[in-house]
Amino acid sequence: MREWTKEEKYRVLKTKEEIAGLRERIVESDYRQTFHIQPTTGLLNDPNGFVWHDGLWHLFYQWCPWGAVHGLKYWYHTTSKNLVTWENKGVCIRPDTEYDNKGAYSGSAFIVPNKNGDIALFYTGNHREEDWTRISYTCTVILDKDGKTNKAEKPLFGPSPEFTEHQRDPKILYIKERNKYYIVIGAQTKNKKGTVIVYESDKLFEEWKFAGELKVPGFEDFGDMWECPSIENIGGKDVLIFCPQHLNLPRRGNAIHHNGYILGTMDWDNLVFIPDGSFHVLDFGYDSYAAECAANIQDSDKAVLVAWMGLPDSAYPTDEEDWSGCLTLPRELKIRNRRLIQKPLDCLVELREQEIEPTGELPRVCEMEIENPGGDLELKLFTKADGSGGLTIKYTDSDKMISVNRGGLDNQFNEEQGQIREHLIDFSLSHLRIYIDRSSVEIFVNNGDAVFTSRVFPTKEEIGFVLSNNATVKIWKLKPAVKDDFVV
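Summary of the structure given here. (Residues numbered from 1 in each chain as written. Predicted model: local features only at pLDDT ≥ 70, side-chain atom pairs only at ≥ 80, totals over all residues. Heavy atoms only, no water.)

1. Notes on the pairing of strand β10 (residues 180-189)
Among the 10 residues of β10, 10 are classified as buried, and the element is accordingly described as predominantly covered. What you see with β10 is no split at all: K180, Y182, V184, G186 and Q188 on one side and Y181, I183, I185, A187 and T189 on the other are buried throughout. Where strand β9 (residues 163-175) meets β10, eight bridges bridge the pair, whose relative direction is antiparallel. Residue Y174 lies in a different strand from β10, and its bridge partner there is Y181. In textbook terms, the turn of a hairpin is the stretch between consecutive antiparallel strands, and for β9 and β10 this stretch comprises four residues, one of which, N179, has a positive phi near 50°. Bridging between β10 and strand β11 (residues 194-201) involves eight bridges; their strand directions are antiparallel. From the neighbouring strand, G186 faces β11, where its bridge partner is V196. Where β10 hands over to β11, the hairpin turn is made up of four residues, of which K192 adopts a positive phi near 65°. (Buried < 20%, exposed > 50% of the residue type's maximum accessible area, 1.4 Å probe, protein only. Helix = DSSP H or I, 4+ residues; strand = E, 2+ residues; numbered from the N terminus. Pairing = 2+ DSSP bridges.)

2. A closer look at the sheet that holds strand β7 (residues 134-143)
One open sheet holds the four strands; their spatial order is β5-β6-β7-β8, and the pairing between them is antiparallel. If you trace the sheet from one side to the other, it starts and ends with β5 (104-111) and β8 (149-151), each paired once. If you compare each strand with its neighbour and ignore which way they point, the axes differ by 25° on average. Bridging between β5 and strand β6 (residues 119-128) involves seven bridges; their strand directions are antiparallel. By the bridge assignment for β6, A104 is matched with G125. (Axes fitted to C-alpha atoms, helices over the stretch in contact; angles between N-to-C directions.)

3. Considerations on the sheet that holds strand β34 (residues 482-483)
The six strands lie next to each other as β20-β1-β2-β3-β4-β34, forming an open sheet whose pairing is mixed. Because the sheet does not close on itself, it has two edges, and the strands there are β20 (323-324) and β34. Where strand β3 (residues 74-80) and strand β4 (residues 86-93) come together, five bridges link them in antiparallel fashion. Looking at β4, one finds that T79 is bridged to E87.

4. Observations regarding the environment of K215
Locating K215 in the fold gives a position in the loop between β12 (209-213) and β13 (226-234). Sequence separation between K215 and I274 is 59 residues, and the spatial gap between their C-alpha atoms is 8.3 Å. With sequence-adjacent residues up to four places away left out, K215 is seen in contact with L271, V272 and F273. (Contact = heavy atoms within 4.5 Å.)

5. A few points about the side chain of S106
Assignment of secondary structure puts S106 in strand β5. Classification of S106 as buried rests on a relative accessible area of 4%. Separated by 2.9 Å, the side chains of S106 and D46 make a polar contact. In terms of polar contacts, S106 uses its side chain to reach the side chain of N48, at 3.1 Å. Non-local contacts of S106, meaning those with residues more than four positions away in its chain, are made with D46, N48, Q62, W75, F122, Y123, T124, D169 and P170. (Polar contact = N/O pair within 3.5 Å; in protein donor to acceptor, adjacent residues only side chain to side chain.)

6. Some details on the pattern of salt bridges
Applying the stated rule across the entire model yields 30 salt bridges. Where E8 meets R2, a salt bridge forms, and the shortest distance between an N and an O atom there is 3.2 Å. By relative accessible area, R2 is classed as partly exposed at 39%. Between D30 and R364 there is a salt bridge whose closest N-O contact spans 3.1 Å. (Salt bridge = Lys/Arg side-chain N within 4 Å of Asp/Glu carboxyl O.)

Structural data, given as structure tokens:
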């Protein structure tokens, strides 16, 4: 593994030519995705600023151009008309002021209530002093309809002294009933407990004041930092989404970073989120984090979510090729039986190129549909020609347990986090929909009851699949959907 100096990680990108050679090497990788957003070079992590506006979806991601390293972060911009095909637009936010001198970190988007068609982007300016002390600022950039940006000269506000230096990931909200704007930020208390802090204002770009710490009864000691918080209203129910860190959860192996949600009721008068149940993991696979719901979708019954297909403090085989990361497919979120369900978007059928006969050979880019007539099921993906090895999906009907085990693949990584992920489903397994790209697999269970998202890096010998019972299988080859142009 390459060792990076601080100077290498945090150097400023001045011209496209500086990374042209890196780009030429990266596009030759056997693991470049075909229908997932991925970095043009270097590293991608959190999705940011996901929003629908004027016939276009805008989605940004955290980008470090130099390699598979968390160094100086930019916001990279992509757009789509249909949430299926995506186009690279280049860098939108650069870390070029004293307030973000070591990175433009994660945040969100909001449509400015004017006639200009502007999008306001809210992000964490990661400032470092000479002694490397961190100071987090909440900053804004206006993106106009012509794609030009205007960064505010000063931040909206700086960090609260009542918490540690870990304060980041502003989510902008407008509560119509209160005619007030709120920003929720992931934070850490002085006694190292994860929490959310809240700011409020009657105006979008000024007069922001600290409102207080969000209280979540029963979750006062739930990890030591909460990243990427949001409060969504889906189908009339409030949902607190966040990423608790350094916490062990059942059936999650040794993973310590998670992405999940609590259903409940938000009391804005007293800044209390009243839980209606326990914490639920959003994605039961190995690699899903920093989920963000799109703003301004104009449908109160659902949300559209995308996440980073990766985890903090983790390494992946393409790190050796100087690139890392991709985003999940966008998913539709609804509430069913007091749970969030995640379904593949209906428009993803546009990816289908042709249906092929299931011969036991697995295309590197495909969609699989499994109909299970009942009973136990075992499906192995990416097996050797003799059926050995691979990633195993196993379901036992007696306890309704479904598990995914990638321990049989040749390319092993992050083994210390555990090889198996499990989840108890409420109903017998009847259906699987699986999206396979060149270095990922997304498994949707029973039309959204659960999803397992994982990075996988199969070798050229791992090209088969084996299904253990009389379930029926359909397979479609899929078309490329990301216009992976070298745009900076």
